[in-house]
Amino acid sequence: MVDFDGGLCFWQENDDDRDEDDDTDPFKPPSGPPLNLESFRGGDGKIDPQELMKQSKKNKPMMIFVGVKFDGGPDQHHTDKISNRWMQSLQNAHLPVQKYNVAPDRVLFMTEDGSRAWDIKDYLVTQSECTTVNFDQLSFPCADSAPASKAKTEL
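The numbering scheme is per chain: residues are counted from 1 as the chain's sequence reads. Residue-level local features of this predicted model are given only where pLDDT is at least 70; pairs of side-chain atoms are given and counted only at 80 or more, and the full residue set underlies all totals for whole chains, interfaces and linings. The side-chain values count all of the structure's non-hydrogen atoms but skip hydrogen atoms and water molecules.

With that out of the way, let us pick up the packing of aromatic side chains. Any aromatic ring pair is given by two values, namely how distant the centres are and how the planes are angled relative to each other. When the centres of two rings from Phe, Tyr and Trp lie within 6.5 Å, Trp using its six-membered ring, the rings pair. Their planes under 30 degrees apart give stacked, over 60 give edge-to-face, and anything left gives tilted. Applying the stated criterion across every chain, the model contains two aromatic pairs. Aromatic side chains Trp118 and Phe135 sit 5.1 Å apart centroid to centroid with 85° between the ring planes, which places their arrangement in the edge-to-face category. In this pair, Trp118 is assigned in helix 4 (residues 117-124) and Phe135 in strand 4 (residues 130-135), connecting sequence segments 17 residues apart. The pair formed by Trp118 and Phe135 is uniform in burial state, with each residue classed as buried. Linked through ring pairs, Trp118, Phe135 and Phe140 together constitute an aromatic cluster. Positioned over the ring face of Phe140 is Lys121, at 4.6 Å from the centre of the ring. The numbering of helices and of strands both runs from the N terminus, where a helix is a DSSP run of H or I of at least 4 residues and a strand a run of E of at least 2. Each residue gets one of three labels from its accessible area relative to the maximum for its type: buried under 20%, exposed over 50%, partly exposed in between, using a 1.4 Å probe on protein chains only. A positively charged side chain is recorded as over a ring if its NZ (Lys) or CZ (Arg) lies within 6 Å of the ring centre. The angle to the ring normal must also be within 35 degrees.

Take a look at the structure:
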């Protein structure tokens, strides 16, 4: 016959009150190495803010919102076709993204490495169908998205 009470007493005698796993939070994101601000200084001694932002977002997910331009009104099919082409081009350039259509004229690109958001932005702003690229509270106008009032004054 098995002595369950004796086994329980033996178990409790050898059990520490605190485990190593108790100190780790499984939902806390891993922290990266500390940033060395001296490595971001240029020749003039100033810190390059874009390079600092890139390194602070490394290995962290980032959402990039992109506006899509239309000849007529917003069309979900047109947005899906253009954004699929952009996503394929980004993936061919080894910039993995996930795409979500959030509005008939707006697309969300999600990347797991936030430091690559600037490379993604550099590609997207050159596209003729792009109006704006937004991420991390920054907004970048695309190449062919001049405001209508500015276009009239230039003529």
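Next comes the rest of the description.
Okay, helix 4 next. Within helix 4 the residues assigned to the buried category are Ala117, Trp118, Ile120, Lys121 and Leu124. End-on, the buried residues of helix 4 take up no more than an arc of 160°, which puts them together on one face. Working rule for contacts: check all heavy atoms of both residues, and any pair within 4.5 Å makes them a contact. Against helix 2 (49-56), strand 1 (62-68), helix 3 (76-92), strand 3 (106-111), strand 4 and strand 5 (138-141) lie the buried residues of helix 4. To be clear, the arc concerns the directions from the helix axis to the C-beta atoms.

Once that is clear, we can look at the environment of Val66. The topology assignment puts Val66 in strand 1. In the structure, Val66 is positioned 66 residues away from Thr132 in sequence and 5.7 Å away in space, judged by C-alpha atoms.

So, on to the pairing of strand 2 (residues 98-103). Here five bridges tie strand 2 to strand 3, and the two strands are oriented antiparallel to one another. Its bridge partner being in strand 3, Tyr100 is matched across the sheet by Leu108. At least two DSSP bridges between two strands are required for those strands to pair. Connecting strand 2 to the next strand, strand 3, in antiparallel fashion are two residues.

Moving on to the sheet that holds strand 2. One open sheet accounts for five strands, arranged 2-3-1-4-5; its pairing is antiparallel. Strands with a single pairing partner mark the edges of an open sheet, and in this sheet they are strand 2 and strand 5. Each adjacent strand pair in this sheet contributes to an overall mean axis angle of 25°, direction not counted. Looking at chain direction, strand 1 and strand 3 are connected through six bridges and run antiparallel. Looking at strand 3, one finds that Gly67 is bridged to Arg106. Helix axes are fitted to C-alpha atoms over the stretch in contact, other axes to C-alpha atoms as well, and angles between N-to-C directions run from 0 to 180 degrees.

We now examine the confidence of the model for the protein. pLDDT gives the predictor's per-residue confidence on a scale running from 0 to 100. Mean pLDDT over the protein stands at 80; residues scoring 70 or higher make up 69%. Taken element by element, the predicted model of the protein shows its lowest mean pLDDT in helix 5 (residues 148-154) (41) and its highest in strand 3 (95). Taken together, the stretch residues 148-155 has pLDDT below 50 and engages in zero contacts with residues farther than four places along the chain or on a different chain.

Turning our eyes to something else, we now look at the pairing of strand 1. Within strand 1, five of the seven residues are buried, which leaves it mostly tucked inside the rest of the structure. In terms of strand pairing, strand 1 meets strand 4 through three bridges, oriented antiparallel. Bridge pairing in strand 4 places Phe65 opposite Asn134.

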